[in-house]
Amino acid sequence: MYRLPSAVTIRAATPGGLAWGCGRRAAHYRARLPPLGPGWVGGLGLGLGLALGVKLAGGLRGAAPAPSPTAPDPEVSSQVETPPPSPPKEQPLAPWSPQTPTLPTSRLYARAIDSSRDLLHRIKDEVGAPGIVVGVSVDGKEIWSEGLGYADVENRVPCKPETVMRIASISKSLTMVALAKLWEAGKLDLDIPVQHYVPEFPEKEYEGEKVSVTTRLLISHLSGIRHYEKDMKKVKEEKAYKALKMMKEIECDQEKELKEKGGKSNERNDFAKAKVEQDEAKGRNSKPVKKKNDFEQGELYLKEKFENTIESLRLFKNDPLFFKPGSQFLYSTFGYTLLAAIVERASGYKFLDYMQKIFHDLDMLTTVQEENEPVIYNRARFYVYNKKRRLVNTPYVDNSYKWAGGGFLSTVGDLLKFGNAMLYGYQAGLFKNSNENLLPGYLKPETMVMIWTPVPNTEMSWDKEGKYAMAWGVVEKKQTYGSCRKQRHYASHTGGAVGASSVLLILPEELDADSLYNKVPPRGIVVSIICNMQSVGLNSTALKIALEFDKDRSDIP
């Protein structure tokens with residue numbers, strides 16, 4: 001939009017300057033006309049301004065070039081990717097220009113952004129979350145990041161892309177990078193007993209038999225080390241009930257298949273039916289164990305500050321194993337506390353120092369361990385609803401006992417960088433032959449393939465279709481019927497902490513040999529969401545958002 005020059009500007013830019021105006025007034029008086037009122041200057045300026053505006057508009061017809069493709073979209077208030085320095089701003093195209101402008105990247109995904117924003121508003125309202133922040137990148141470029149609601153309710157501080165929150169168990173995926181780097185460097189053996197690195201952790205027995213806990217088993221929650229629940233009986237009863245329920249579901253599915261196959265004998269059908277009924281009777285006799293929420297566990301609210309990882313081992317190192325290592329999946333944040341001690345001994349650095357080096361390499365400059373004393377800019381407050389359903393501040397907690405498993409703070413932007421670094425490493429091997437100048441990934445392709453390979457006997461609590469791999473949950477590509485539901489391959493990790501929920505999800509592009517030409521990794525969608533309210537399931541929301549952006553991405557020529 002052009003600013004019309006004022007009367008003063010016109011007068012200063014005209015040859016003769018002020019004399020032109022004085023001569024005009026003198027001519028008026030010489031003609032013996034009535035004296036000019038005080039508004040004559042404004043009227044003259046308005047008339048000249050309108051005349052000049054008409055002239056400028058006429059000269060601009062079809063003459064203005066296309067806007068810069070990196071120009072920000074004035075209709076999108078959220079933060080988009082920061083464009084590089086550009087030459088002076090060019091004039092926008094007139095509506096009748098035959099040229100076709102190149103739209104900003106955010107405009108290309110306007111439908112996905114609007115749809116995802118609406119979805120987040122619905123989730124936020126449904127759970128009553130004070131604030132939520134989202135970030136989305138496509139092929140390594142941050143496309144959309146936005147905050148909804150409040151980072152600090154008391155002081156009415158709104159959420160924004162720079163808001164810092166607890167990322168909870170996404171910390172496990174960050175710790176995995178430290179372990180992977182040490183393994184690649186030959187400083188860490190994943191399959192020898194942990195006592196080789198941390199002799200302070202005692203050797204273990206299970207039902208009188210000596211057993212080994214290894215780094216690999218710790219990473220995939222197969223070590224048998226407890227989580228926050230200390231009662232072994234409750235944990236085992238819950239596991240048994242879940243196993244029975246799963247068995248019944250499988251047998252019911254088998255019965256359906258038998259009924260659909262007309263050629264099978266009635267005897268086989270009767271046998272399957274009898275078995276299901278027998279299991280149902282067992283299920284009725286055994287009362288299901290009510291699952292105790294993690295937020296009801298006292299250890300989650302520890303206020304004690306631990307000076308180092310070795311000291312924090314005393315919380316659980318003398319407790320018995322709940323299962324034989326390798327036999328059953330038992331999610332354990334304490335297992336990652338032991339992994340932090342292994343990182344220290346294998347690297348020769350303090351765990352937090354080693355992690356800060358990794359964050360620096362990954363350009364994650366706002367990711368730090370959560371401590372109460374330091375001033376951390378843009379840090380949010382954390383909330384929970386009390387028994388009267390009133391929003392209250394969460395109690396003070398000290399997470400020094402679980403830096404590795406759930407003690408870091410970050411932003412959605414940093415999490416996107418981390419996700420893209422992992423995706424780059426995962427795909428770099430595919431592009432190696434088509435692009436010789438490709439830089440290596442932070443982790444080697446074979447390392448990332450190992451990390452994202454589902455491990456047998458594991459569970460992925462936030463998506464029943466997947467399994468746990470190495471500090472990531474992974475859902476594999478699957479399609480059972482033609483023109484029906486297609487399950488996409490993706491990796492994610494969720495987090496739940498006192499007053500916080502989070503998710504980081506990576507949806508790789510489905511690549512084949514023909515699609516590698518003229519492309520470079522990372523190829524895919526990365527979504528990060530953080531929220532200052534506990535017990536908010538965010539994985540399905542992140543997946544829906546990723547698929548929305550993937551849909552718009554496939555429509556772009």
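Residues numbered from 1 in each chain as written. Predicted model: local features only at pLDDT ≥ 70, side-chain atom pairs only at ≥ 80, totals over all residues. Heavy atoms only, no water.

A.B. asks: Even after reading the chapter, I still don't get the overall build of the protein, so can you show me in this structure?
C.D. replies: For the protein, the count of helices and strands is 16 helices and 15 strands. Out of the 557 residues in the protein, the part that is buried amounts to 45%. Considering only residue pairs separated by 6 or more positions, the protein has 72% of its internal contacts joining residues 24 or more positions apart. Surface accessibility of the protein: about 30100 Å² in total, with carbon and sulfur atoms responsible for 54%. (Helix = DSSP H or I, 4+ residues; strand = E, 2+ residues; numbered from the N terminus. Buried < 20%, exposed > 50% of the residue type's maximum accessible area, 1.4 Å probe, protein only. Contact = heavy atoms within 4.5 Å. Areas by Shrake-Rupley, 256 points an atom, 1.4 Å probe, with all protein chains shown as cover.)

A.B. asks: In this structure, what is going on with helix α5 (residues 110-127)? I would like to understand it.
C.D. replies: Helical periodicity: at 3.6 residues per turn, an α-helix aligns residues three or four positions apart in one direction. In a regular helix each residue adds 1.5 Å, so 18 residues correspond to 26 Å; α5 covers 26 Å between its end C-alpha atoms and thus fits that length. A112, I113, S116, R117, L119, L120, I123 and K124 are the residues of α5 that are buried. The buried residues of α5 all sit within an arc of 165 degrees when viewed along its axis, so they share a single face. The exposed set on the far side of α5, more than 90 degrees from its buried face, consists of R122, D125 and E126. (Expected span 1.5 Å × (residues − 1). Arc of directions from axis to C-beta.)

A.B. asks: Looking at this model, I keep getting lost on the environment of E510. Mind explaining?
C.D. replies: Summarising the element assignment, E510 is placed in the loop between β14 (500-508) and β15 (524-531). In this structure E510 comes out as partly exposed when scored by relative accessible area, which is 37%. Sequence-distant contacts of E510, that is, excluding residues within four places in its chain, are made with K477, K486 and R488. Engagement of the side chain of E510 in a polar contact is seen with the side chain of R488, the distance being 3.5 Å. (Polar contact = N/O pair within 3.5 Å; in protein donor to acceptor, adjacent residues only side chain to side chain.)

A.B. asks: Looking at this structure, I do not really get the pattern of salt bridges. What am I missing?
C.D. replies: In the structure shown here, the tally under the stated rule is 28 salt bridges. Of the charged contacts, one joins D139 and R523 as a salt bridge, the two residues approaching to 3.3 Å between their closest N and O atoms. In this pair, D139 is assigned in the loop between β1 (131-138) and β2 (141-152) and R523 in the loop between β14 and β15, connecting sequence segments 384 residues apart. Close ionic contact of K210 with E203 constitutes a salt bridge, the shortest N to O distance being 3.0 Å. Accessibility classification places K210 together with E203 in one group, the exposed group. Residues joined by salt bridges that share partners form a network here, namely D139, K477, K486, R488, E509, E510, K519, R523, D550 and R553. (Salt bridge = Lys/Arg side-chain N within 4 Å of Asp/Glu carboxyl O.)

A.B. asks: Can you help me understand the confidence of the model for the protein in this one?
C.D. replies: Looking at the protein as a whole, its pLDDT mean stands at 81, while 72% of the residues score no less than 70. Under a pLDDT of 50 for its full length, residues 38-46 has, in the predicted model, 4 contacts with residues more than four places off or in other chains. Under a pLDDT of 50 for its full length, residues 54-84 has, in the predicted model, 47 contacts with residues more than four places off or in other chains. (pLDDT = per-residue confidence, 0-100.)

A.B. asks: In this structure, what is going on with the nonpolar core? I would like to understand it.
C.D. replies: The tendency in soluble globular proteins is for nonpolar side chains to be buried side by side. Within the largest apolar cluster, 122 residues are counted, with the highest numbers of intra-cluster contacts made by L338, M422, W472, I529 and F549. No other element matches the 9 residues that helix α11 (residues 333-347) contributes to this core. When near neighbours in sequence (up to four residues on either side) are disregarded, F549 contacts Y109, A112, I113, S116, V136, V138, I143, W144 and I525. (Core = buried A, V, L, I, M, F, W, Y, C linked by side-chain atoms within 4.5 Å.)

A.B. asks: I would appreciate a short explanation of the pairing of β1 in the present structure.
C.D. replies: Along a regular strand, successive side chains alternate from one face of the sheet to the other. Across the 8 residues that make up β1, a large majority, 8, are buried. With burial as the criterion, each face of β1 is covered, one bearing G131, V133, G135 and S137 and the other bearing I132, V134, V136 and V138. Inspection of the sheet shows β1 paired to β2 by 8 bridges, in the antiparallel sense. In the strand pairing of β2, I132 is matched with L148. (Pairing = 2+ DSSP bridges.)

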